[in-house]
Amino acid sequence: MRVTRLLPAAVAVLALAGCGAGGGTKAVPPTATGSLESLAAEVKCKPNMQTDADTIRQALCTNSDGKFVLATFATDRGQREWINDAKDYGGHYLVGRKWVAVGDDGVVKALRGTLGGDVEIGTDHSAHSAHHG
């Protein structure tokens with residue numbers, strides 16, 4: 001009897017892990033680590049550097065999946081502050097250890113298949129402007 005109680009929990013864990021009934025869904029690999037250049041090489045893009053500072057390095061990337069921003073951070077706190085600020089503008093974020101990739105939903109999902117990480121979704125304020133006072 002205990003086995004049947006565990007089954008729904010296992011299904012819930014699989015659903016949370018992104019292993020849905022899509023059939024073609026690949027398992028998410030371990031989250032990548034490394035420099036901006038090494039992460040870019042993993043997803044086969046040549047980074048176009050926009051910001052190269054001690055605290056953050058940010059580049060525009062294009063690969064076969066599309067365009068995205070790739071950023072690496074010196075600290076976890078700096079990364080979280082950047083993400084929290086950026087999420088006000090909407091977008092899809094693939095978050096790893098001291099790095100983030102930002103792009104549309106399809107690009108972020110494709111990158112996750114290579115880099116691992118967690119998907120976060122920004123707040124789209126344009127939906128709120130439809131409310132009338």
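Anyway, here's the lowdown on the structure attached to this text. (Residues numbered from 1 in each chain as written. Predicted model: local features only at pLDDT ≥ 70, side-chain atom pairs only at ≥ 80, totals over all residues. Heavy atoms only, no water.)

Before going further, it helps to examine the nonpolar core. If you look at the biggest cluster of nonpolar residues, it comprises 17 residues, and the most contacted ones within it are Phe 68, Leu 70, Leu 94, Ala 101, Leu 111 and Leu 115. Listed by contribution, the elements that provide at least two residues to this core are α2 (36–42), β2 (56–63), β3 (66–73), β5 (99–103) and α4 (105–115). When residues of this core are assigned to their parent elements, the largest contribution, four residues, is made by α4. Beyond its immediate sequence surroundings of up to four residues, Leu 115 is in contact with Pro 29, Pro 30, Thr 31, Ala 32, Leu 39, Glu 42, Val 43, Leu 94 and Trp 99. Counting ten residues, the second largest nonpolar core, distinct from the first, contains Val 69, Ala 86, Val 95 and Val 100. (Core = buried A, V, L, I, M, F, W, Y, C linked by side-chain atoms within 4.5 Å. Buried < 20%, exposed > 50% of the residue type's maximum accessible area, 1.4 Å probe, protein only. Helix = DSSP H or I, 4+ residues; strand = E, 2+ residues; numbered from the N terminus. Contact = heavy atoms within 4.5 Å.)

What follows deals with the sheet that holds β3. Spatially, β1-β2-β3-β5-β4-β6 is the arrangement adopted by the six strands of the open sheet, whose pairing is antiparallel. The sheet is open, and its two borders are formed by β1 (48–52) and β6 (118–121), each paired with just one other strand. In this sheet, adjacent strand axes meet at a mean angle of 20° when their direction is disregarded. Examined bridge by bridge, β1 and β2 share four bridges and lie antiparallel to one another. Across the sheet, Asp 52 pairs through a bridge with Arg 57, a residue of β2. Lying on the sheet, helix α3 (residues 76–86) is in contact with β2, β3, β4 (92–96), β5 and β6; it crosses β4 at an angle near 175°. (Pairing = 2+ DSSP bridges. Axes fitted to C-alpha atoms, helices over the stretch in contact; angles between N-to-C directions.)

As a further point, take the environment of Ile 121. Turning to its location among the elements, Ile 121 is positioned in strand β6. With 16 residues separating them in the primary sequence, Ile 121 and Asp 105 have C-alpha atoms 8.9 Å apart. If near-sequence neighbours (up to four positions away) are discounted, Ile 121 is found in contact with Lys 87, Gly 91 and His 92.

For the rest of this paragraph, the subject is the pairing of β4. Residues in a regular strand project their side chains so that they alternate between the two faces of the sheet. In terms of burial, β4 is largely enclosed, as five of its five residues are buried. Neither face of β4 is left uncovered, since the one carrying His 92, Leu 94 and Gly 96 and the one carrying Tyr 93 and Val 95 both have all their residues buried. Relative to β5, β4 runs antiparallel, the two sharing five bridges. Following the sheet pairing, Leu 94 is matched in β5 by Ala 101. In this antiparallel pair of consecutive strands, β4 and β5, the connection spans two residues, and Lys 98 shows a positive phi of 65°. Inspection of the sheet shows β4 paired to β6 by four bridges, in the antiparallel sense. Pairing of His 92 across the sheet is with Ile 121, part of β6.

So, on to α3. Buried residues of α3: Gln 79, Ile 83 and Ala 86, and no others. Axial view of α3: buried residues confined to an arc of 70°, hence all on one face. Set apart from the buried face of α3 by more than 90 degrees, the exposed residues are Arg 77 and Asp 85. Contact partners of the buried residues in α3: β3, β4, β5 and β6. (Arc of directions from axis to C-beta.)

Bringing the pattern of salt bridges into the picture now. Going through the model one piece at a time under the given rule, you end up with seven salt bridges. Between Arg 57 and Glu 37 there is a salt bridge, and its shortest N-O distance comes to 2.8 Å. Within this pair, whereas Arg 57 is found in strand β2, its partner Glu 37 is found in helix α2, the two being separated by 20 residues in sequence. Between Arg 77 and Glu 81 there is a salt bridge whose closest N-O contact spans 3.0 Å. In this pair, Arg 77 and Glu 81 are both assigned in helix α3, four residues apart and thus about one turn of the helix distant. Since its relative accessible area comes to 64%, Arg 77 is described here as exposed. Here the salt bridges share partners, and the residues they tie into one network are Glu 37, Asp 52 and Arg 57. (Salt bridge = Lys/Arg side-chain N within 4 Å of Asp/Glu carboxyl O.)

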